[in-house]
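Spelled out from the first residue to the last, the chains are:
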Amino acid sequence: MAATVMSERGRKLLRDFPALGALHEHDRKGIEGLIGLVERAAEYNRDVALPRALELDERMEREPDYFDWEMMREACKYRFFSLAIPEVLGGLANKYMVTGMALVVEELCSACGGIGLAIAAHSLGVAPLIASGAMAHWETVLHEIVEEEKKGNPVLMAYAITEPSAGTDVEEPEFLAVARIGLEAKRVKGGYRVNGRKCFISGGSEAKYITMTAATDRSRPLETWTTFLVERGMEGFSTPRVELKMGQRACHAAELLFEDVFIPHSHVLGYEGDGIANGILIIMAASRGPVGAIATGIARGAFEHFLAWAREPANGKKPIDEDRIRMALADMYAVLEENRGLYLGHSLGGDALFRNAFTHPLFLSAFMIPRRIRASKPYASLLNSYYGKGLVNILFRYFIKDEDATDMLAKASLAKFACADNAMALVSRALELMGTTPSPQRRWVEKAYRDVKLTQIYEGTNQLNRLALYNTEIAGTLKVEIPGPFKKGVR
Amino acid sequence: MARLPEFREEQEYRILRDSAASFAADVLAPQAEELDLQPAPWRVKKALAKADELGMLSALVPEEKGGGGLDDYAFCVALEEIAVEEAGVAVALLAHNAALLPAALGEFEGLITGVGEESYPACLAFPGEVALREGKVNARVPFAFNADGCPFITLIPTQEAGTRAVTVRSDAAGVSIEAEAYPLGLRAARPGALKMEGAEPSNLISGGDMLGAVERALFLGLSAVAVGIIRNALRKAYAYARERYQAGKMIIEHQQMRIFLAEMLAGVEEGRSLTRESCSSRELAPAVTAWMRNTARAVQAATDGVQIHGGYGYMRDYGMERLMRDAKYCQMYPTTSQEALLRLLDIYETG
Ligand SMILES: Cc1cc2nc3c(=O)[nH]c(=O)nc-3n(C[C@H](O)[C@H](O)[C@H](O)COP(=O)(O)OP(=O)(O)OC[C@H]3O[C@@H](n4cnc5c(N)ncnc54)[C@H](O)[C@@H]3O)c2cc1C
């Protein structure tokens, strides 16, 4: 009977993404939605990313300041800038938000790691706005992103935590406590006065809005770590420099400079002092899995080019006719499947833990209030008030428990470092087997070799991610503590 | 003070090591970034001209033929030191000398093209298909260092078991050279593809196992270059690890960083011994082994070196990512490591 037979799509899925294929039998609609996203990304690759990837990469070595706005405008058609924005706000994020993000990112990065990063970095910037429950800004910033996207104008965000003297240190509470922090947001009347620098911020030079975590007292970074919303155009804020990167060049890594920048109270996301949890750990718990997907995508791109190379006759014979090349292909295929298992395990698990935040009636009921009111100033100030924030916080804690966030951080960190190491090894081996004989495919694999290295570094180095896995899941000494409501000032 | 353990060498090698090291530090280090980003032919040529003061432009040509007369190990010592600053220039010198090798070993009429003249860097058209028919050369060589901008090319026809060689001027009729559009690394060694259709040779050289000699020189030279890259990675990463603080201490105090650095140190030790050992043998197998091992080590050392530098390692300014690219090409030329591995067994079987 038909009911016992898998659908064609389910069968194909079972081959490509075993975890999703299995789920497809239980939740067709949801999984079809995810596959729709992947197909859209594949279309973008074919029409936009692949035709420009090599040339763009080369050009940005000669002209590091150049930025290809066209690829971002094109991305609007596919709504890639709404991936992390909840459906109730007009975005695409549903109960499979993290998984959707990861799948899209893998697909994009299979064409170009840099273009994939440029698109993903935006959602990373959106995430703290959501995770901190800063609803006061949803109707303005997120609404603007969605609406402008419909018109083909990319309004971009970025996420800034790294400082010149603190990279690993801002990713783990124990280290942050002893970090040498350079940037400070000093409390002044009506808000904060910010001085200092952030560095390596992906998309920082193009972003209109930046979510940033920073100390309000440099001598006590852990206790005073706070999440802010920075807007381009704030006086004294600039992005004076972008780096010349080894790879993933299509996305800029920018320095952010703050010279006496005033940030009003309304632009504190969550409470002062809650930055490590709502600004970093919860974000990392959601985003490290997708970074595993970036690595997987780059490796998959390399695999596909390697396969094409192997099928191409050279000197009258094809590499693929050799046993050793077939063995290598099988190894690579196994690694890709292992990686997909790792990042999907994390992201599906994460979605299961986090889905309440986007689908719970209590959450949705907040959007029954007409938008006219929700977008009004008085409503925003209500949400930004002491009680408003407290209420949102109670809701938030109801949706996400400390243990959930901690478990998710563990799996995310695992997926991140394991996928990145696997991908690095895969790409390096592909190139080693190809040798220097020129072929169109070798250029792509060389680019993948440069691109993939970054996945071992950002979103916490692979060493830091190993420590995070150890501390959360093996030793149990790191717990994500979601801050409680109604606390005034720094804890 | 951090230092490498003393590597026991005769006086002559130590002197050569010192002078090659100061050439590299004085001439190459200040322009290492340009040699990677904009390796214009004039820039490379100028650097090579300076290397001639060490006899590096005719290193393997015997003194009685007007060359520098270095033995294999001395040549490797110099290459290692040069590669500590700029592996691309070291490989340009290696390819150039390998191109002169047939003339240095064999018999021919007239002058050795390239020795004592302003004609460098020479290109060794290897590996590829090369045929000599009725005194004319036909060739298809997909990838060779120094191809782009060389004055002449040395080729070893495949049909005669590699016992003959020819040189062809790059401006001779029938020669076409296409520069590699966007090489990953070793950019100062300006790689490219060569094609010849009925090109007129300027030297015909015969005698001995030219192919074997040239291959051996490449494997030995590249294993020395790989050691140079590992040393560069170690030196840079060690210095950085003592400057950078994270988690309240110098990152060199984090054990994983120490393990990365120690691996590099082991790579230098092992790499030098392997190179030295294989220089003392006339056989190909030890050279192949040294090449496989050292270049794999160099790729790992460079990758770990970038990792120790964190985000900074990924950026051009720190000169670390260049090592990852350079090391990878050392591992991919003149053959792939797996083909080289199979070759070892072939040698074992056929004696
Ligand atoms: C291209 C690029 C894009 C980036 N994009 C962003 C972005 O969008 N937003 C953002 O905020 N940041 C971004 N980053 C920053 C990135 O997250 C950091 O580079 C990363 O966290 C590492 O920090 P670091 O570079 O300061 O290295 P460091 O922290 O200085 O680390 C140096 C080395 O020391 C090791 N180490 C440090 N501490 C320890 C320890 N306690 N135990 C063991 N080993 C340790 C590290 O593993 C590493 O090998 C980006 C970086 C790059 C390169």
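1. Concerning the domain arrangement of chain B
Residues and elements named next belong to chain B.
Okay, so step 1: One can read the domain layout of chain B as domain 1 (11–105), domain 2 (123–206) and domain 3 (210–350).
Okay, so step 2: Of note, the centres of domain 1 and domain 3, computed from C-alpha atoms alone, are 19 Å apart.
Okay, so step 3: Across the contact, 24 residues belong to domain 1 and 26 residues belong to domain 3.
Okay, so step 4: When domain 1 packs against domain 3, close to 2,200 Å² is buried across both sides, 64% of that on carbon and sulfur atoms.
Okay, so step 5: The three residues of domain 1 that bury the most area against domain 3 are Tyr73, Glu80 and Val84, which together make up 23% of that side's buried surface.
Okay, so step 6: For the pair domain 1 and domain 3, the number of links is nine salt bridges.
Okay, so step 7: One salt bridge connects Arg322 with Glu86, and the closest N-O pair in it is separated by 3.1 Å.

2. A closer look at the sheet that holds strand β2 (residues 129–133) of chain B
Residue and element names in this part refer to chain B.
Okay, so step 1: With respect to topology, four strands assemble into an open sheet ordered β2-β3-β7-β6, the strand pairing being antiparallel. Looking at the sheet topology across the chains shown, the edges are occupied by β2 and β6 (175–179). The average undirected angle you get between the axes of adjacent strands in this sheet is 10°.
Okay, so step 2: For β6 and strand β7 (residues 192–199), the ladder comprises five bridges, and the chain directions are antiparallel. Its bridge partner being in β7, Glu178 is matched across the sheet by Ala193.

3. Details of helix α1 (residues 11–28) of chain B
Residues and elements named next belong to chain B.
Okay, so step 1: With 18 residues, α1 should cover 26 Å at 1.5 Å per step; its first-to-last C-alpha distance of 25 Å lies within 8% of that length.
Okay, so step 2: Among the residues making up α1, those that are buried are Tyr13, Leu16, Arg17, Ala20, Phe23, Ala24, Val27 and Leu28. Along the long axis of α1, the arc covered by the buried residues comes to 130°, so they all point the same way. Residues of α1 that are exposed and point more than 90 degrees away from the buried face comprise Gln11, Asp18 and Asp26.

4. Description of the pairing of β2 of chain B
All names here are of chain B.
Okay, so step 1: Two strands pair when backbone bridges link them, and β2 and strand β3 (residues 136–144) are joined in this way by five bridges, in the antiparallel orientation. Within the sheet, the bridge partner assigned to Arg133 lies in β3 and is Lys136.
Okay, so step 2: From the end of β2 to the start of β3, which pair antiparallel, there are two residues, and Glu134 there has a positive phi angle of about 50°.

5. Quick notes on the packing of aromatic side chains
All names here are of chain A.
Okay, so step 1: Inspection of the entire model under this criterion finds 23 aromatic pairs over all chains.
Okay, so step 2: Measuring from centroid to centroid gives 5.4 Å for Tyr44 and Phe80, while their planes differ by 85°, and the two rings are edge-to-face. One end of the pair, Tyr44, is in helix α3 (residues 28–62); the other, Phe80, is in the loop between α4 (69–77) and α5 (97–111), with 36 residues separating them in the sequence. Taken as a pair, Tyr44 and Phe80 share a single burial class, namely buried.

6. Here's the deal with the packing of helix α5 (residues 87–105) of chain B against helix α6 (residues 210–243) of chain B
All names here are of chain B.
Okay, so step 1: Running from N to C, α5 and α6 point in directions that differ by 160°, and their axes come no closer than 10 Å. What the angle tells us is that α5 and α6 run roughly antiparallel. Of the two possible hands of crossing, α5 and α6 adopt the one that is right-handed. Where α5 abuts α6, its residues Ala87, Ala90, Val91, Leu94, Ala98, Leu101, Pro102 and Leu105 lie against Met210, Ala213, Val214, Ala217, Leu218, Gly221, Leu222, Val225 and Ile229.

Parameters at a glance
- Residues numbered from 1 in each chain as written.
- Chains lettered and ligands numbered in written order.
- Predicted model: local features only at pLDDT ≥ 70, side-chain atom pairs only at ≥ 80, totals over all residues.
- Heavy atoms only, no water.
- Domains from an automatic or database assignment.
- Contact = heavy atoms within 4.5 Å.
- Buried area = accessible area lost by both parts, 1.4 Å probe.
- Salt bridge = Lys/Arg side-chain N within 4 Å of Asp/Glu carboxyl O.
- Pairing = 2+ DSSP bridges.
- Helix = DSSP H or I, 4+ residues; strand = E, 2+ residues; numbered from the N terminus.
- Axes fitted to C-alpha atoms, helices over the stretch in contact; angles between N-to-C directions.
- Expected span 1.5 Å × (residues − 1).
- Buried < 20%, exposed > 50% of the residue type's maximum accessible area, 1.4 Å probe, protein only.
- Arc of directions from axis to C-beta.
- Phe/Tyr/Trp six-rings, centres within 6.5 Å; stacked < 30°, edge-to-face > 60°.
- Parallel < 35°, antiparallel > 145°, perpendicular 65-115°, else oblique.
- Left-handed = near helix turned anticlockwise from the far one by under 90°.

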